[in-house]
Amino acid sequence: MNTFFKGFLTYLRQLANIKDAIDTDAAAHNIRQNIYFRGPNVWILAFSIVIASVGLNVNSTAVIIGAMLISPLMGPILGIGLGLGINDTSLLKDGFRHLIVMVSISLIASFLFFFLSPLKLANPTELLARTTPTFYDVLIAFFGGCAGMLENSRKEKGTVLSGVAIATALMPPLCTAGYGLANFSLRFFAGAMMLFIINCVFISLSTYVMAKILGFKEVEFPTEAHAKRTRFFITTVVVAVVVPSVLSAISMVRENALTQNAANFVSDNKVLEHSYIYDYKMDAKNRDCKLSLYIAGDALTAADRARIMASAPHYGIDTTRIRFVQHKSRDINDSFSEEFFREVYQQTNEDLLQKEEQLRVLQEELLQYHREEIPHSQISKEIFAAFPLIKDVSISRGVAVSRDSLKQKDCIMVMTEGDKSLTRDEQKKLEDWLAARLDENEIRLIHTVVK
């Protein structure tokens, strides 16, 4: 057993080994070359900004992804991370300088587009999605940066960098910030810039970590004093970046948990005895974390309040932070939020679509039933005319079961009555005629003589 585990661990080490597949010198050279922002890169950035702005303006995800793929924004950010990792202050300064230039051009281009664009969306969902950073954005930026650094370092290049450009989404936040400037909206500008800064910080941080893990060659200093000064500067920058970033990530996790708990709490307590919670507002960013519950219908009873307060601790909500905003029934139309109406409309629309689908299925089944319906009266008249000795006819659909195989077959059951027996030829003729007339292969004919 011990030998098996040793062999398995050896296999895992070989499987995860990356030393033979990376070239740190070539990666460092490649990252340095991609930092500099001049010539074609300036125009490519401007073009990608316009494309991303168009995609955001018309809520087109495909267009936004296309802009991410051609954007050269990743270069300076990787350069900053590498500069931190190898104690190269000149690389760090170059990365910051070119990143500032890129951000400035991006903001100017997106500002001009949205300022001049005649398109105005009532519900710009793609823009709104870039104004509220979450902890997931932190994870995406960090691990995306790790993947980008590893792709730059390996000898055989693949398509990972394209995926990193899409995943980390550096371009859309800058375009959204430009939209905020063009529309004088601090909410859009501040939220989008926060998302962009989070992406930049954690991509740089992951690049720094990967540079240490992969063993990139550090810069050699002419004197020990110069080395101490540089290391102190780099350490200060790293601490200044890491500490606020970690605190921001913790804050995001807390806000996300509180928001999710509040949504679950409201959903489970939505319907009360003679009233209901039609909307709520959770101020997760505030230290007080107040939860405002907007209630329509009759005034809350003591039992309803007790029930709500009793369930709050199960969702991690402090009962002292809950605030009730009561509306009477006659004020409902004035107090309903746009979001509530949207939810009601969406639910109603889904119900209608479901009913339409059920109606369609029933109509198809009814049509199939009509197609399979046997014209009893007409068939009987034709049988009576062709076979005068038959006095009575019964026709129905049935199932024939074989004794040996127990297989089932759909068939047409025809029972006839008359004063005389049918000859074998007459019975065969009637069966063939019924098969052709009803378009069925299985005809079971039973003739009974009634005296």
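Structure report, in brief. Given the structure is predicted, the values throughout are model-derived calculations rather than measurements.

## Focus on helix α8 (residues 135-153)
Here's step 1: Between its first and last C-alpha atoms α8 spans 27 Å; for 19 residues at 1.5 Å apiece the expected length is 27 Å, and the two agree.
Here's step 2: Among the residues of α8, those classed as buried are Asp137, Val138, Ala141, Gly144, Gly145, Cys146, Gly148, Met149, Glu151, Asn152 and Ser153.

## What about unusual backbone geometry?
Most of the time, phi is negative for any residue but glycine, and the peptide bond is trans.
Here's step 1: Here Asn87, not a glycine, exhibits a phi torsion of approximately 60°, which is positive.
Here's step 2: Among the secondary structure elements, Asn87 is positioned in the loop between α5 (74-85) and α6 (89-116).
Here's step 3: Judged by its relative accessible area of 7%, Asn87 is buried.
Here's step 4: A positive phi angle, close to 55°, is found at Phe184, a residue other than glycine.
Here's step 5: Residue class for Phe184 comes out exposed when judged on its relative accessible area of 73%.

## Things to note about the packing of aromatic side chains
Here's step 1: For the coordinates displayed, the defined rule picks out 7 aromatic pairs.
Here's step 2: Aromatic pair Phe114 and Tyr179: ring centres 5.1 Å apart, planes at 85°, arrangement edge-to-face. Residue Phe114 is found in helix α6, and its partner Tyr179 is found in helix α10 (residues 171-182); the two are separated by 65 residues along the sequence.
Here's step 3: Classification of Phe114 as buried rests on a relative accessible area of 3%.
Here's step 4: On the accessibility criterion, Tyr179 (14% relative accessible area) is buried.
Here's step 5: Pairing Phe265 with Tyr315 gives two aromatic rings, centres 5.7 Å apart and planes at 65°, and the pair type is edge-to-face. Of this pair, Phe265 sits in helix α12 (residues 224-268) while Tyr315 sits in the loop between α13 (302-311) and β3 (322-327), and the two are 50 residues apart along the sequence.

What counts, and at which threshold
Residues numbered from 1 in each chain as written. Predicted model: local features only at pLDDT ≥ 70, side-chain atom pairs only at ≥ 80, totals over all residues. Heavy atoms only, no water. Helix = DSSP H or I, 4+ residues; strand = E, 2+ residues; numbered from the N terminus. Expected span 1.5 Å × (residues − 1). Buried < 20%, exposed > 50% of the residue type's maximum accessible area, 1.4 Å probe, protein only. Phe/Tyr/Trp six-rings, centres within 6.5 Å; stacked < 30°, edge-to-face > 60°.

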